[in-house]
Amino acid sequence: SPVADSEPLGSGGVYDVRNEVHFPRGFRVLRNYKRKEYTAIAGDGVWVREDTGKSYPTLNQLNASITAGNENVWNGNWKYQAHDGPLRPISELRP
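Given the structure is predicted, the values throughout are model-derived calculations rather than measurements.

One recurring pattern in soluble globular proteins: nonpolar side chains tend to sit buried together. Counting 20 residues, the largest nonpolar core has Phe23, Phe27, Val29, Trp47, Leu59, Leu62 and Ile90 as its most contacted members. Listing elements by their share of this core, those giving two or more residues are β2 (21–23), β4 (36–42) and α1 (59–64). A per-element tally of this core places β4 first, with three residues. Apart from residues no more than four positions distant in its own chain, Leu59 is found in contact with Phe23, Trp47, Val73, Trp74 and Ile90.

Put into structure tokens, the structure is as follows:
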């Protein structure tokens, strides 16, 4: 599974300017909400939900497509699969 900074900028994926994190194309994130797992893949400038195929330009918009109300997407709900196996919060990818 890719590491969040493994590709140079401009090579696809999604760049979160505010948090200075580049998610390379193919980077997979997931979260659980109301006992259901939701996953999305970084495409070319958008997040694509794997269950619906719909795309969202930001993690906030992706999250809003799943949850009711406003939520900080960096609060630990969104995770990724680390190289060493465990799920890790995406907040660990910030510099």
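What follows covers the packing of aromatic side chains. Enumeration over the complete set of coordinates arrives at four aromatic pairs. Here Phe23 and Trp74 contribute two aromatic rings whose centre-to-centre distance is 6.3 Å and whose plane-to-plane angle is 35 degrees, an arrangement assigned as tilted. One end of the pair, Phe23, is in strand β2; the other, Trp74, is in the loop between α1 and β7 (79–81), with 51 residues separating them in the sequence. Since its relative accessible area comes to 0%, Phe23 is described here as buried. Note on Phe27 and Tyr80: the rings are 5.5 Å apart at their centroids and 40 degrees apart in plane angle, and the pair reads as tilted. With Phe27 in the loop between β2 and β3 (28–33) and Tyr80 in strand β7, this pair connects stretches of sequence that are 53 residues apart.

Thresholds, definitions, all that
Residues numbered from 1 in each chain as written. Predicted model: local features only at pLDDT ≥ 70, side-chain atom pairs only at ≥ 80, totals over all residues. Heavy atoms only, no water. Core = buried A, V, L, I, M, F, W, Y, C linked by side-chain atoms within 4.5 Å. Buried < 20%, exposed > 50% of the residue type's maximum accessible area, 1.4 Å probe, protein only. Helix = DSSP H or I, 4+ residues; strand = E, 2+ residues; numbered from the N terminus. Contact = heavy atoms within 4.5 Å. Phe/Tyr/Trp six-rings, centres within 6.5 Å; stacked < 30°, edge-to-face > 60°.

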